[in-house]
Amino acid sequence: AQRVTQPEKLLSVFKGAPVELKCNYSYSGSPELFWYVQYSRQRLQLLLRHISRESIKGFTADLNKGETSFHLKKPFAQEEDSAMYYCALNPFTGGGADGLTFGKGTHLIIQP
Amino acid sequence: EPEVTQTPSHQVTQMGQEVILRCVPISNHLYFYWYRQILGQKVEFLVSFYNNEISEKSEIFDDQFSVERPDGSNFTLKIRSTKLEDSAMYFCASSVGGFNQPQHFGDGTRLSIL
């Protein structure tokens, strides 16, 4: 079975500092990895997915298959980045409607 | 931008009672999902639904649970004979397709079992 690990429950950085939220996964196949964000009192929103290789709100994430990691990075944190961040894995078992496996989430706090 | 909508936002039910949580997926989406998040724990997959039948389900989704798409817009999760440990946030999600398509989530229903 697949697993997603986010080792940091809470991460606090100052505005303007670089941010890295860690995500490691275990899965024997070739998964798709996502980052979802949940701002205060809002729904889970897709932030980015590894397959699209885009930068959203200044965030990037690179899939490292050797290290089985998908860390989320931003060079200069902004106060509006404060939120819960969840790493998620889609196993692509072939059924077409696979459920996502989530990590426990990291609460990012950007201090002014 | 179209959104997944869930009702009610908060449901309080006595233990042993049945509860139905409702979701309206995004209109052109074909795949539907239910997840739950017990307080302080991770979001967990329950079930996915496609072409009017269950596509995948987790170990959590036992005989106590059922899903239905009673009409062209609603997608429901029924929990029979609720238990205290069913208290959680329940999220509905939908996607256009299966592979390579992101899932869009609703705001969730907070279910409290007394």
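Q: Would you mind going over the nonpolar core with me for this structure?
A: A general feature of soluble globular proteins is that nonpolar side chains tend to end up buried together. Residues and elements named next belong to chain A. Formed by 24 residues in total, the largest nonpolar core has its most connected members in Trp35, Leu72 and Tyr85. Elements represented by at least two residues in this core include exactly strand S2 (10–14), strand S3 (19–21), strand S5 (32–38), strand S6 (45–49), strand S9 (83–90) and strand S11 (106–111). Per element, the largest residue contribution to this core is four residues, and it comes from S9. Look past the residues within four positions of Leu72 in its chain and what remains in contact with it is Val19, Glu20, Leu21, Trp35, Leu47, Leu48, Phe59, Thr60, Ala61 and Tyr85.

Q: What exactly am I supposed to notice about the interface of chain A and chain B here?
A: The parts lose accessible area when they come together, and the size of an interface is often stated as this lost area. Taken together, the 24 residues of chain A in the interface contact 22 residues of chain B. Roughly 2000 Å² is buried in total at the junction of chain A and chain B, and carbon and sulfur atoms are behind 53% of that figure. When the area that chain A buries against chain B is broken down by residue, the three leading residues are Arg43, Ala97 and Phe102 of chain A, summing to 32%. Here chain A and chain B share two salt bridges between them. As a salt-bridge pair, Glu3 of chain B and Arg43 of chain A come within 3.4 Å of each other at their nearest N and O atoms. On inspection of chain A and its partner chain B, the count reaches eight residue pairs in polar contact (both at pLDDT 80 or more). Of all the elements in the fold, those that place two or more residues in the side of chain A that touches chain B are S5 and S6 of chain A. In terms of residue count, S5 of chain A provides more of the side of chain A that touches chain B than any other element does, four residues in total.

Cut-offs applied
All residue numbers here refer to positions counted from 1 along the written sequence of the relevant chain. Ligands are numbered from 1 and chains lettered from A, in the order in which they are written. This being a predicted model, a pLDDT of at least 70 is required before a residue's local features are given, and a value of 80 or more before pairs of side-chain atoms are given or counted; all residues contribute to the totals for chains, interfaces and linings. Just so you know, side-chain values use all the structure's heavy atoms and leave hydrogens and water out. Only buried residues count toward a nonpolar core, which is a set of Ala, Val, Leu, Ile, Met, Phe, Trp, Tyr and Cys residues joined through side-chain atoms within 4.5 Å. Here the term buried applies to any residue with accessible area under 20% of the maximum for its type, exposed to any over 50%, and partly exposed to those in between, with areas from a 1.4 Å probe on protein chains only. In this text, helices come from DSSP runs of H or I with a minimum length of four residues, and strands from runs of E with a minimum of two, each type numbered from the N-terminal end. In this analysis, two residues are considered to be in contact whenever any of their non-hydrogen atoms come within 4.5 Å of each other. Buried area, as used here, totals the accessible surface that two parts lose on assembly, with accessibility defined by a 1.4 Å probe and the loss added over both. By convention in these notes, a salt bridge is any Lys or Arg side-chain nitrogen within 4 Å of a carboxyl oxygen on Asp or Glu. Here a polar contact means two N or O atoms within 3.5 Å. Within protein one must be a hydrogen donor candidate and the other an acceptor candidate, and residues neighboring in sequence count only if both atoms are side-chain atoms.

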